Amino acid sequence: MSETALVLGGGGLTAYAWEIGVLAGLADAGVDLAGAEVLAGTSAGSLLALELATGAAPADLYEEHVNRRRAMLDVDFTFGMTVKYLWAALGSRRPEKVVERLGRLALAVRDVSEAEVCEAIRPQLPVREWPKRPVRLFAVDALTGRPTGFDADSGVDLLRAVAATCALPPLFPPITIGEGRWMDGGVRSTTNADLMEGCRRVVVLAPIPKGPGASPSAVDQVAALTAGGVRAAALVPDREARRAFGRDPLDASRIPGAARAGVRQAAGYAEQLRAVWHD
């Protein structure tokens, strides 16, 4: 059983920046979440998990993002794509049915190839091979609705695993791995914190606390972990942070403000997390 785990939720460029700000602010307060024994991520959170697993310091990542020194993934999730996604996500009150509907949406993508997805993701990877520190990257099989956490023991190429967890429909098609067609784990849950079995202490950063419709909330998932004996906590953006995010999670101009909002919020979380992480 692992002692500590850090779960990094998805939500685009602003989510990524806010998480970096939170981690940098907490490190300044003496709470080193980046040193977790296990790092796990969904979508954009997977990229940050890999950065941390390969030794990137939150303070350095914060400086890069506040000063816009790093080229970020440039994609255009159009209004039409948003409508299609919401139509699928809001079409049922049953979470498993929602995942099924989003799976069909993913499988219908024809104008982008899997190779193009991998080439778009490749420049964002800090490494080409799985790091030595345990990392889990959450994705969902569009064919069956089954979730998984790809890791170094899965026998999966790292690039394809990251492409899968970032393959949000209908922007990207699912990625073929084995007999599955794998899509963004965020279609099931923005954090997939409920999949963190075997960890004693879990902290979840949830830039988007809940997806649309029947998607489970990160707060509820953390409550379930706590009920099962895990010492766990969820961190979510406050109103000021959400204003800093703006309406478009892929708006790169919002990155510095989102990162600063994360640092500001970290001060208010430090004592709570010290009790979870260290006591």
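Conventions and cut-offs
Along each chain, the written sequence defines residue order, and numbers are assigned to residues from 1. It should be noted that, the model being predicted, local features are given only for residues of pLDDT at least 70 and side-chain atom pairs only at 80 or more, the latter also being counted only at that level, while totals for whole chains, interfaces and linings use all residues. Hydrogens and water molecules were not included; the side-chain quantities draw on all heavy atoms of the structure. One speaks of a salt bridge when a side-chain nitrogen belonging to Lys or Arg is within 4 Å of a carboxyl oxygen belonging to Asp or Glu. Remark: exposure states derive from per-residue accessible area (1.4 Å probe, protein chains only) relative to the maximum for the residue type, with buried under 20%, exposed over 50%, and partly exposed in between. Labels follow the DSSP assignment, with helices taken as runs of H or I lasting at least four residues and strands as runs of E lasting at least two, numbered in each case from the N terminus. His is not counted here, nor are the chain ends, while Lys and Arg score as positive and Asp and Glu score as negative. For the purposes of these results, a polar contact is taken to be a pair of N or O atoms within 3.5 Å, where, inside protein, one atom must be able to donate a hydrogen and its partner to accept one; residues adjacent in sequence count only when each atom of the pair is a side-chain atom. We call two strands paired when DSSP finds no fewer than two bridges between them. UniProt positions are given in the numbering used here, feature names are shortened, and annotations may be inferred rather than shown by experiment. The pocket and cavity definitions rest on a 1 Å grid over protein atoms only: a 1.4 Å probe that fits but cannot leave marks a cavity, an open set with protein on both sides within 12 Å along at least five of seven lines marks a pocket, and residues lining either have an atom within 4 Å of a point. Contact definition: two residues touch when any of their heavy atoms are within 4.5 Å. Take the buried residues of types Ala, Val, Leu, Ile, Met, Phe, Trp, Tyr and Cys, join any two whose side-chain atoms come within 4.5 Å, and each joined set is a nonpolar core. Aromatic rings from Phe, Tyr and Trp, taking only the six-membered ring of Trp, are treated as a pair when their centres fall within 6.5 Å; an angle between ring planes under 30 degrees marks them as stacked, one over 60 as edge-to-face, and anything in between as tilted. Geometrically, a charge over a ring is one whose NZ (Lys) or CZ (Arg) sits within 6 Å of the ring centre while staying within 35 degrees of the ring normal. The angle between two axes is taken between their N-to-C directions and runs from 0 to 180 degrees, where each axis is a line fitted to C-alpha atoms and a helix contributes only its stretch in contact. Asp, Glu, Lys and Arg are counted as charged, while Ala, Val, Leu, Ile, Met, Phe, Trp, Tyr, Cys and Pro are counted as nonpolar; the rest, among them Gly, fall into the polar class.

**Q** What should I look at first to understand the pattern of salt bridges in this one?
**A** Note that side chains of opposite charge can pair when their charged atoms are close. Per the counting criterion, the structure on display carries twelve salt bridges. Note that E96 is salt-bridged to R94, the shortest N-O span being 3.1 Å. Using a relative accessible area of 49% as the deciding quantity, one classes E96 as partly exposed. Since its relative accessible area comes to 48%, R94 is described here as partly exposed. Note that D238 and R264 form a salt bridge whose closest N and O atoms lie 2.9 Å from each other. With D238 in the loop between β8 (231-235) and α9 (239-245) and R264 in helix α10 (residues 255-277), the pair connects residues that are 26 residues apart, well separated along the chain. Accessibility expressed as a relative area gives 25% for D238, which makes it partly exposed.

**Q** Honestly, unusual backbone geometry in this entry has me stumped. Any pointers?
**A** Outside of glycine, negative phi angles account for most residues, and trans bonds account for most peptide bonds. P170 follows P169 through a cis peptide bond whose omega is -5°. Note on placement: P170 falls in the loop between α7 (158-165) and β5 (175-177). Unusually for a residue other than glycine, S43 sits at a positive phi of about 55°. Here S43 is to be found in the loop between β2 (38-42) and α2 (44-53).

**Q** Would you explain the side chain of D141 in this entry?
**A** Turning to its location among the elements, D141 is positioned in strand β3 (residues 135-141). An unpaired buried charge is present at D141: no salt bridge exists, and R146, the closest side chain of opposite charge, is 5.0 Å distant. Among the polar contacts listed, one links the side chain of D141 to the backbone nitrogen of L143, at a separation of 2.9 Å.

**Q** What is the right way to read the pairing of strand β4 (residues 147-150) from this model?
**A** Each regular strand shows side chains that alternate between the opposite faces of the sheet. Burial along β4 is one-sided: T148 and F150 are buried, and none of P147 and G149, which face the opposite way, are. Counting the residues in the hairpin turn of β3 and β4 gives five residues, including G145, whose phi is positive at 80°.

**Q** Teacher, can you tell me more about the UniProt feature "active site" (unreviewed entry) in the chain here?
**A** According to UniProt, the feature "active site" (unreviewed entry) maps to S43 and D184 in the numbering used here. What stands out for the annotated residues spanning 142 residues is how close their C-alpha atoms remain, the widest pair being 6.0 Å apart. Those annotated residues lining the largest pocket are, specifically, S43 and D184. Those residues in contact with S43 that lie beyond four places of it in its chain are G10, T165, C166 and D184. Relative to the helices and strands, D184 is located in strand β6 (residues 180-184). Take D184: its relative accessible area is 3%, and that puts it in the buried class. Setting aside residues up to four positions removed in sequence, D184 forms contacts with T42, S43, V140, A164, T165, C166, A167 and L168.

**Q** Quick question: what am I supposed to make of the nonpolar core here?
**A** For soluble globular proteins, the rule of thumb is that nonpolar side chains tend to be buried together. L6 and L26 are the most contacted members of the largest nonpolar core, which has 67 residues in total. Ignoring anything within four residues of it in the chain, the contact list for L26 reads V31, L33, L235, A266, Y269, A270 and L273.

**Q** It is not clear to me how the packing of aromatic side chains should be interpreted in this structure. Could you clarify?
**A** Aromatic ring pairs are reported here in terms of the distance separating the ring centres and the angle at which the planes meet. On inspection of all chains with the given rule, the structure shows one aromatic pair. For the ring pair F150 and W182, a centre distance of 5.2 Å and an interplane angle of 75° mean the geometry is edge-to-face. Residue F150 is found in strand β4, and its partner W182 is found in strand β6; the two are separated by 32 residues along the sequence. For W182, a relative accessible area of 4% gives the class buried. Cation over ring: R101 sits above W87, and NZ or CZ is 4.2 Å from the ring centre.

**Q** Got a minute to help me understand the packing of helix α4 (residues 79-89) against helix α5 (residues 95-107) in this structure?
**A** What describes two packed helices is the angle between their axes and the distance between those same axes. Packing of α4 against α5 brings their axes to within 8 Å, and their N-to-C directions diverge by 145°. Residue-level contacts link K84, Y85, W87, A88 and A89 of α4 to V98, R101, L102 and L105 of α5. Of the residues contributing to the contact of α4 with α5, the split by class is seven nonpolar, no polar and two charged.

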